[in-house]
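# Understanding the architecture of this molecule
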Amino acid sequence: MTAFDVMERRIWGGQADAYARTAARLCVRTVPALLDAAGVAPGTRLLDVGCGSGNVTAAALGRGAAVRAVDAEPGMVEATRRAAPGAEVRSGVLPQLPYADGEFDAVVANFVINHVGRPLEALVEMRRVTRPGGTIAVTIWQLPGAPGQALVGRAAQAAGLTRPDWMATVDEERNFARTPDGLAALLTAAGLADVQADTHTWDHRAAPDDWWAGPAAGIGAIGTLLTSAGPEGVAAAKREYDALCGEFLAEDGLLTLPHAAVLAQGRV
């Protein structure tokens, strides 16, 4: 594993329940479009890579697909088994999937490629397990992001918090632009044809305390940044967060947070 992969395992270890209560409610917004892009229909043999709390797997089962799912975090595997008992769910870490060549009609990965240290190799492996003529569809967070994506990060910066030295980034030679063109180029480099990539935008609505709960629980890189500073750092960032929330607060007391993701698809 790369240093980035090691960091990701450390960040997400034991976070399945906290993720399901918080960030999963955001990530679910791209699921219908992702499954549409992959052509998921009754009888489709589908692999859900990085299944998380099971939102994609459950939705695909609802469409009548024959679904298998895999995740690197054991807690996520158990969460998906609970959420989607009709699927076969296993542990697995990209870029090595525990399946045979050409085993699936379609493979999807919802906000997964942004969590691997070797994104091109991950897509090549996803292509390996997809049959000729099958489809791969993936989402990532777009960068630069929409204003709602930056709210907690702005609060952390205003509080003077800095990224711990052990928090690695993707190696420069393996990284790619987190844009439609950048993701499309990555899929093309992985050997996929008829590649399409577009920005997918939406407004996420959440109570201020609910939106804060995920990072405060240590979810993701931003949560790790907050909690690594200790209780005093978390409290300082929360004060800044409370001040910034006014920019997004609606009359009903909920935040309206614009988000932007990239959805890309290609054919094997």
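Please refer to the structure higher up on the page.
Keep in mind that this is a model prediction, so the values were computed, not measured.

Let us look at the overall build of the chain. The helix and strand inventory of the chain stands at 12 helices and 7 strands. On the principal axes, the C-alpha backbone points of the chain span a range of 55 × 40 × 35 Å. Going through the 268 residues of the chain one by one, you find that 50% of them count as buried. The long-range fraction of contacts in the chain, counting pairs at least 24 apart against all pairs at least 6 apart in sequence, stands at 75%. Counting only carbon and sulfur atoms, one obtains 51% of the accessible surface of the chain, whose full area is about 11,500 Å². In the chain, 23 positive and 30 negative side-chain charges are present, and the distance between their average locations comes to 5 Å.

Residues Met1, Val6 and Val93 make up a contiguous nonpolar surface patch of about 280 Å² in total accessible area. What makes Val6 partly exposed here is its relative accessible area of 44%.

Right, let's talk about the nonpolar core for a bit. Counting residues in each nonpolar core, the largest one holds 36 residues, and the members touching the most others are Leu151, Trp211, Tyr241 and Leu255. When residues no more than four places from it in sequence are discounted, the contact partners of Trp211 are Leu26, Gly148, Leu151, Val152, His204, Ala206, Tyr241, Leu255, Leu257 and His259. Judged by nonpolar contacts, the second largest core, of 29 residues, contains Val70, Ile136, Leu183 and Val262.

Interaxial distance between helix 8 (residues 151-158) and helix 11 (residues 220-228) falls to 10 Å at its minimum, and their mutual angle equals 25°. Classified by the angle their axes make, helix 8 and helix 11 are roughly parallel. Helix 11 is crossed by helix 8, and the crossing has left-handed handedness. Contacts from Val152, Gly153 and Ala156 in helix 8 reach Ile222, Leu225 and Leu226 in helix 11. Broken down by class, the residue content of the contact of helix 8 with helix 11 amounts to 5 nonpolar, 1 polar and no charged.

Another aspect to go through is helix 7 (residues 119-128). Those residues of helix 7 that fall on the buried side of the exposure criterion are Pro119, Ala122, Leu123, Glu125 and Met126. In a view along the axis of helix 7, the buried residues occupy a sector of 160°, so they form one face of it. Looking at the buried side of helix 7, the elements it contacts are strand 1 (45-49), strand 4 (104-110), strand 5 (130-141) and helix 9 (180-189).

Turning next to the packing of aromatic side chains. For the structure shown, the criterion picks out 5 aromatic pairs. Each ring, one from Tyr99 and one from Phe104, has its centre 5.1 Å from the other, and the planes form 85°; the classification is edge-to-face. Judged on exposure class, the residue Tyr99 and its partner Phe104 are both buried. Taken together through their ring pairs, the aromatic side chains of Phe111, Trp141 and Trp202 make up a single cluster. The positively charged end of Arg178 is found above the aromatic ring belonging to Phe176, 4.2 Å away from the centroid.

Reading the values: rules and limits
Residues numbered from 1 in each chain as written. Predicted model: local features only at pLDDT ≥ 70, side-chain atom pairs only at ≥ 80, totals over all residues. Heavy atoms only, no water. Helix = DSSP H or I, 4+ residues; strand = E, 2+ residues; numbered from the N terminus. Buried < 20%, exposed > 50% of the residue type's maximum accessible area, 1.4 Å probe, protein only. Contact = heavy atoms within 4.5 Å. Areas by Shrake-Rupley, 256 points an atom, 1.4 Å probe, with all protein chains shown as cover. Lys, Arg positive; Asp, Glu negative; His and termini not counted. Charge placed at Lys NZ, Arg CZ, Asp CG, Glu CD. Patch = residues over 30% accessible without salt bridge, like charges linked within 9 Å, V, L, I, M, F, W, Y side chains within 5 Å. Salt bridge = Lys/Arg side-chain N within 4 Å of Asp/Glu carboxyl O. Core = buried A, V, L, I, M, F, W, Y, C linked by side-chain atoms within 4.5 Å. Axes fitted to C-alpha atoms, helices over the stretch in contact; angles between N-to-C directions. Parallel < 35°, antiparallel > 145°, perpendicular 65-115°, else oblique. Left-handed = near helix turned anticlockwise from the far one by under 90°. Nonpolar A, V, L, I, M, F, W, Y, C, P; charged D, E, K, R; others polar. Arc of directions from axis to C-beta. Phe/Tyr/Trp six-rings, centres within 6.5 Å; stacked < 30°, edge-to-face > 60°. Lys NZ or Arg CZ within 6 Å of the ring centre and 35° of its normal.

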